[in-house]
Amino acid sequence: MLKIFNTAKNKKIDFIPINKDEVTMYVCGPTVYDYIHIGNARPIIVFDVLYRLLSSIYPSVKYVRNITDIDDKINSKALQNNETIFELTKRTENQFIKDYKDLNAIKPDIEPRATEHIDEMIEMIQQLIENKNAYEAKKHVLFRVKSWDKYGKFANKSYDEQEHGARVEVADYKQDPADFVLWKPSSDDEPSWDSPWGKGRPGWHIECSAMVKKHLGENFDIHGGGLDLIFPHHQNEIAQSCCANKSDKFANYWMHNGFLMSEGQKMSKSLGNFYTINELLNEFSGNAIRLVLLSTHYRKPLDFTKSKLIEAENLINKLSDFINKNKNEKQDENIDEFKNALCDDLNTPLAISIMWKYQKENQIGKLLKSIELLGFDIKNSDKSQIPQEIKELAEKRNQAKIEKNFAESDKIRNKIKQLGYEIKDTPNGYEINKI
Ligand SMILES: [Zn+2]
């Protein structure tokens, strides 16, 4: 029996899906304005393992992870880079897909983009206005927090603890400092869509509520994300969805991964402990990064260090050698002990220790099955052996392909081939293999 710590109930409980034939799961995805860093990778890996585990238990799992491609951070970054918003989001999204693929994370079933769901957001906002949970003021639409008496319950924050406008000046269009934006006007150089309230763009929180409803319906099984999203993002998602749908139900189980520190401190560019996945993958394999992230239980704070990564790479290399030497032996594949660890609120540290035990006991069948559920791609564990020159050429070829310069991309592909490697395009990006 799978047990999950449900943030909404603040305890570990049995997981009972709404429909046992298809489990539904939504995870808040990245805002595509910059490369993802090691902190962003944590929920990707954690919920990838959950997805694999659920898929091993239930006949079908529908996993939705959104891409936020409209946000103020995107607008300012595009301006700073002197590129269009579309160029920035497309480039960053491609890099994101490449990064999670290199981390061996399975592509979610649906990866909806916010900009492709503006109609659904407008519809939901209209519903909220109709239900008197939202109001229009000076071309903005705001959610009226006091219209819903359950607001704050999920995040366990009373009205006074919500810190709205405590330190910042409260905008004059708000009826109450706690009210949050559903729609806002855009200036001429910002992206905008027509709406009943004039040209503008959605607030961040409404994006997830609208995409959840479109792809998973009003009530679904699991909603995941980082601890930092509980307030205000997830609290606001719940308020919007419950009020628009006139329902008490939204996600039945809420799962949140803990914070990530880097080299013992909060990650920051000035401290030199800010690692993008793209950078780390130049030096280390996706398997090693995965092993470090999964070696701490997902709800605990994690201290990521390069020395842990070096150690993990060694362990993965040894594991890979062991498997290459022993892979043909057929053995018992019963991994109940291992699976029970994962079913206990995704206890990956315990599951990993059982995996090492299988290796020690020479239980190849069990070892291979446990490796698969944790998502290690042992075939690719020699990825770090691919020369930097080849990686750079492959990236150049990918850029040429994105720019539809096919003559150039073919030329680079041939060059890579002459150097003894081949590029394979997949739905998730490209792969480099030795010929
Ligand atoms: Zn979200």
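Residues numbered from 1 in each chain as written. Predicted model: local features only at pLDDT ≥ 70, side-chain atom pairs only at ≥ 80, totals over all residues. Heavy atoms only, no water.

**Here we look at the layout of surface pockets**
- Its volume calculated, the largest pocket comes out at about 1100 Å³.
- Breaking the lining of the largest pocket down by element, the ones donating at least two residues are α1 (38-57), β4 (61-65), α5 (204-216), β9 (220-226) and α6 (230-245).
- The biggest single contributor to the lining of the largest pocket is α1, with five residues.
- Looking at the lining of the largest pocket residue by residue, the classes come out as 20 nonpolar, twelve polar and eight charged. (1 Å grid on protein atoms, 1.4 Å probe; cavity = no way out; pocket = protein on both sides within 12 Å on 5 of 7 lines; lining within 4 Å. Points joined across faces, edges and corners; volume = space filled by probe spheres on them. Helix = DSSP H or I, 4+ residues; strand = E, 2+ residues; numbered from the N terminus. Nonpolar A, V, L, I, M, F, W, Y, C, P; charged D, E, K, R; others polar.)

**A closer look at the domain arrangement of the protein chain**
- What the domain assignment lists for the protein chain is domain 1 (21-260), domain 2 (284-383) and domain 3 (386-434).
- Each partner contributes to the interface: domain 1 provides 22 residues, whereas domain 2 provides 27 residues.
- Here domain 1 meets domain 2 over a buried area of about 2000 Å², counting both sides, of which 67% is carbon and sulfur.
- Our enumeration of links across domain 1 and domain 2 arrives at one salt bridge.
- Here D48 and R290 are joined by a salt bridge, their closest N and O atoms 2.5 Å apart.
- Of all the secondary-structure elements, those providing two or more residues to the side of domain 1 that touches domain 2 are α1 and β10 (251-257). (Domains from an automatic or database assignment. Contact = heavy atoms within 4.5 Å. Buried area = accessible area lost by both parts, 1.4 Å probe. Salt bridge = Lys/Arg side-chain N within 4 Å of Asp/Glu carboxyl O.)

**Examining the pairing of β10**
- Within β10, six of the seven residues are buried, leaving the element largely enclosed by the surrounding structure.
- Handedness of the crossover joining β9 and β10 through α6 is recorded here as right-handed. (Buried < 20%, exposed > 50% of the residue type's maximum accessible area, 1.4 Å probe, protein only. Right-handed = clockwise from strand over helix to strand, strands pointing away.)

**As for the sheet that holds strand β5 (residues 134-137)**
- The antiparallel open sheet is built from four strands, whose spatial order is β5-β6-β7-β8. Unpaired on one side and paired on the other, β5 and β8 (200-202) mark the two borders of the sheet. For this sheet, the mean angle separating the axes of adjacent strands, direction not counted, is 20°.
- Alignment of strand β7 (residues 180-185) against β8, held across three bridges, turns out to be antiparallel. Bridge pairing in β8 links W183 to P202. (Pairing = 2+ DSSP bridges. Axes fitted to C-alpha atoms, helices over the stretch in contact; angles between N-to-C directions.)

**Topic: the sheet that holds β4**
- If you walk across this open sheet you meet the four strands as β4-β3-β9-β10, and the pairing is parallel. Among the strands making up the open sheet, the edge pair consists of β4 and β10. Each adjacent strand pair in this sheet contributes to an overall mean axis angle of 20°, direction not counted.
- As paired elements, β9 and β10 share six bridges and run parallel to each other.

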